[in-house]
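Topology and contacts: notes
Residue strings, one per chain:
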Amino acid sequence: MIIFVCVVFQLRSVSVDLNNDVSLLIDIPDALCERDKVKFTVHTKTTLSVFQKPEFSVPRQHEDFIWLHDTLVETEEYAGLIIPPAPPKPDFESPREKMHKLGEGEATMTKEEYTKMKQELEAEYLAVFKKTVQVHEVFLQRLSSHPVLSKDRNFQIFLEYDQDLSVRRKNAKEMFGGFFKNMVKSADEVLISGVKEVDDFFEQEKTFLLDYSTKIKDSTTKAERMTRAHKNVADDYIHVAAILNSISAEENTALKNFTFLQKVEGRVASDQELKLTELLRYYTRDIQAAKDLLYRRARALADYENSNKALDKARLKSKDVAQAEDNQRQCMQKFEKLSESGKKELTSFKGRRVVAFRKNLVEMAELEIKHAKNSVSLLQGCIETLKNC
Amino acid sequence: MERKPPPFPDSEEQEAHSEKAEEESGDDDDDDDDDGGEDIFTGNGARTAPLVLNAQDLFSEEGSYPGVQEPSVDNQHASNGLRSDDDEQDLFAEARVELSLDRSSTKGIREVTRSSPSAPDISYKSSTSKMSFEKPEEEESNDKFELNIAVTHPEKVGDGMNAYMVYKVSTQTTLPMFKSRAFSVRRRFSDFLGLFEKLSEKHAQNGYIVPLPPEKSVVGMTKVKVGKEDTSSTEFVEKRRAALERYLHRVVSHQNLLQDPDVREFLEKDELPRAVSTQTLSGAGFLKMINKASDAVNKMTIKMNESDNWFEEKLQEVENEEQQLRKLHAVVDALVNHRKDLCGNTAVFAKSMAMLGNSEDNTALSRALSQLAEVEDKMEQLHQEQASNDFFIFAELLADYVRLLGGVRNCFDQRIKTWQRWQDAQSTLQKKREVEAKLLWANKPDKLQQAKDEITEWEAKVTQYERDFERICATVRKEVLRFEKEKSNDFKVHIIKYLESLLVSQQRLIKYWEAFLPEAKAIS
């Protein structure tokens, strides 16, 4: 059983600063990891009168975030908005498996090697932990910085309600049964591509998002593999250093540098993971959320078209015309509302995406340069020492 | 058949030499910023500048294996029936780097075409006793001798399962015992094994550490024979070529072995008689023999009573080290594979990034993503080269020494065998004396003379074997110390080379990312 207490600070790698509206400031200052469960402390500072106190904290679990997300998705009123993607479940599988293997192999390695490997794994645990805290935090901050979603009642309950939310969660599941969500998942591709588009803007968006979505999903997978391979190389240096240290004393001094090599390589691998892979992962989910919006609009369009057809039929038959007219008007309104808000959302999404990419790519390049320069000076010192000894 | 080697100076000079060797190697690499710290020379007869062999050249930088570009040598080429170098070009991929001759105009260019991945040119100073290298500032030299050997130009001869690879062995030397100053011959793998067999037959029993040649490889060679020209078979050929070169370097850096006429013949003689018995013998075969012999030694009934623990302790050290190096080799092997993995994954990622960039609708971001794809492509190349360095500089070094340590163990076993022979002779002598005593008592004068003769014979043998034993003790001591020094130097040189390769790789990395940064910043 591993308990991690993590104090998180400024790890906003995938989104630009969302937390700058003083009226509602949210962050996750710490979290506890017990076995499989992570308990986040959600801290709110607000000037809004709708809340009972100006500052308060509540403990929340991952499932509570999911509940909040699903509730928002299934709120008809928000159909024209991009609902921020739900944070993924905290996944400690990889480091846990490695820790297990390490334990099994303890007998075959030196004490030093074992300690180093253990340190590495603990760092990995910590990195996973930090990432999951960050991604949950960003989810909340996107909600708080959205003009419409920040006013959502359930959101406010999430922030404020100091009792366990699990009761509410159960009720919600029973009410909606995840019905709408499932429909979205299975039908969206077909529907989005099937519906005839009338609006140029949406036509372009549709083409773009469908294509981009596939590509970014692919890139994310490939990036994950790459950073994992990088980590393996870094870890190998630990083993090399350990054995070299037990061989001749003469070469010992210079060969200890393999330990620093490992550190630098390890840092490069994890920075790459954070800036690049994590970026791609996040936007894969965000693109999906945008696609969901398109789906809902397409559905509304389909309904609208159907209602038109129904109205025509009704007029032909001169039966239930008023009802059909009513229905048609409603569909039209819904569709137009969706289109209008959808356009706004997608445009700001574009901007947000570009800014986030820029930030992360710049930071990643800067980190690579920094680490490489560090390596260079260390290697040079090392070589000098070796040559002179 | 003991040859008296010419007198060699004592070990101090050699130490000075090996230190200087390192300095040379260091200086050398400072220049090679552009070609990744690898002294890879390109060239064939037509392209490289003619080498002027004067005193300056002999002390040009490490790693300059002056190719045999002298007109006189070219004639030798022709007479050796060497094919024109142009034929080689097709066998190997590009990866050629022309070394900028900024150090001195007389910097030799090694006549090498390398396949990719290629072994970085490990500056190897073959040390003969009289060879010492001066600092670059001092250009004058009179009594120093040099010996440089290169194994190059692997060529396939023949077809199908009877095909074999021939390598060009080029020597450049000022040692008077050779017929000329620069020459080259063609040798095939079994020739190298033949050389090893001859040397070990003659010298191993005297306690010398005879260097081991590379292993036979049925799988590797079959692919080559069958004509599969994929990366794995070119890799295999390159691996073998580099290993054969290292083998020869080790042979000639051993004073006693260098004096052996078989070595000279190997380097000089146009045609060697085909070594047939090597069909079963190889480095691996020899190691098996060593291990069997070791077991035999351990089973000997009379345990040696060591007067000083030096031998026992040393042997223990050697065995431990062998074990450690085996472990290390396995780990470095894993590193090589992981890096190859990384290389592959990076390439795949780069492609994916390029696709994403194409799909991106923001122009500046699209361009940046394409640039990122290009950077990752370059990273893939870096990883590829680094993996090759991991292998050739590091892994192969370790593999060599695991085998060599086996050879060291063998010389310890030879010492014990020698001791055993002496002991056996002593007990035989004792028995003969008993026989004589019995005969005296039984009064058989005719047989008595024979017994006395035998006693005399065995007394001489005992004296001889005792002397042999003392001699082998001294040889083993000297050899082990020489070996340790060589090993220490070897490791240091290689580690430096390896770190330098990492250094260059990091420097290139910086360039790539610094070029990318403005593109990333330009996104809007």
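To start, this report covers the structure provided alongside it. (Residues numbered from 1 in each chain as written. Chains lettered and ligands numbered in written order. Predicted model: local features only at pLDDT ≥ 70, side-chain atom pairs only at ≥ 80, totals over all residues. Heavy atoms only, no water.)

Re empty space enclosed by the protein
The final tally for this structure, using the stated rule, is 15 cavities of 30 Å³ or more. One number sums up the size of the largest cavity: a volume of about 220 Å³. Around the largest cavity sit 19 residues that line it, and Glu265 of chain A together with His383, Ser505, Gln506 and Leu509 of chain B are the ones nearest its centre. Looking at the lining of the largest cavity, the elements that each hand over two or more residues are α7 (200-245), α9 (257-317) and α10 (321-388) of chain A together with α12 (363-442) and α13 (445-521) of chain B. (1 Å grid on protein atoms, 1.4 Å probe; cavity = no way out; pocket = protein on both sides within 12 Å on 5 of 7 lines; lining within 4 Å. Points joined across faces, edges and corners; volume = space filled by probe spheres on them. Helix = DSSP H or I, 4+ residues; strand = E, 2+ residues; numbered from the N terminus.)

Description of helix α6 (residues 218-226) of chain B
Residues and elements named next belong to chain B. Among the residues of α6, Gly220, Met221 and Val224 are the ones counted as buried. For α6, the angular spread of the buried residues around the axis is 90 degrees, confining them to a single face. Seen from the buried face of α6, the exposed residues on the opposite side, beyond 90 degrees, are Val218, Val219 and Val226. Buried residues along α6 sit in contact with β1 (147-157), β2 (164-173) and α7 (231-252). (Buried < 20%, exposed > 50% of the residue type's maximum accessible area, 1.4 Å probe, protein only. Arc of directions from axis to C-beta. Contact = heavy atoms within 4.5 Å.)

Let's talk about the sheet that holds β2 of chain B
Residue and element names in this part refer to chain B. With antiparallel pairing, the 3 strands of this open sheet are ordered in space as β1-β2-β3. If you trace the sheet from one side to the other, it starts and ends with β1 and β3 (182-188), each paired once. Neighbouring strand axes in the sheet, compared pairwise and without regard to direction, differ in orientation by 20 degrees on average. The strands touched by helix α9 (residues 261-268) are β1, β2 and β3; relative to β3, the strand with the most contacts, the crossing angle is about 95 degrees. (Pairing = 2+ DSSP bridges. Axes fitted to C-alpha atoms, helices over the stretch in contact; angles between N-to-C directions.)

Side note on unusual backbone geometry
Even without being a glycine, serine 318 of chain A presents a positive backbone phi close to 55 degrees. One can find serine 318 of chain A in the loop between α9 and α10. Located in the positive-phi region is histidine 153 of chain B, a residue other than glycine, with phi close to 50 degrees. Inspection of the secondary structure assignment puts histidine 153 of chain B in strand β1.

Quick look at the packing of aromatic side chains
Here the structure, examined in full by the defined rule, presents 22 aromatic pairs over all chains. Relative to phenylalanine 357 of chain A, the ring of tyrosine 283 of chain A lies with its centre 5.7 Å away and its plane at 50 degrees, an arrangement referred to as tilted. Within this pair, whereas tyrosine 283 of chain A is found in helix α9, its partner phenylalanine 357 of chain A is found in helix α10, the two being separated by 74 residues in sequence. What makes phenylalanine 357 of chain A buried here is its relative accessible area of 1%. Measuring from ring centre to ring centre gives 5.9 Å for tyrosine 401 of chain B and phenylalanine 483 of chain B, while their planes differ by 50 degrees; the resulting arrangement is tilted. Here tyrosine 401 of chain B is found in helix α12, whereas its partner phenylalanine 483 of chain B is found in helix α13, with 82 residues between them in sequence. (Phe/Tyr/Trp six-rings, centres within 6.5 Å; stacked < 30°, edge-to-face > 60°.)

Side note on the pairing of β2 of chain B
Consecutive side chains along a regular strand alternate between the two faces of the sheet. Residues and elements named next belong to chain B. Among the 10 residues that make up β2, 9 are buried, leaving the element largely enclosed by the rest of the structure. Pairing of β1 with β2, which is carried by 9 bridges, proceeds in the antiparallel orientation. Note on β2: the bridge partner recorded for alanine 150 is serine 170. Connecting β1 to the antiparallel partner β2 that follows it, the hairpin turn spans 6 residues, and glycine 158 within it adopts a positive phi of roughly 85 degrees.

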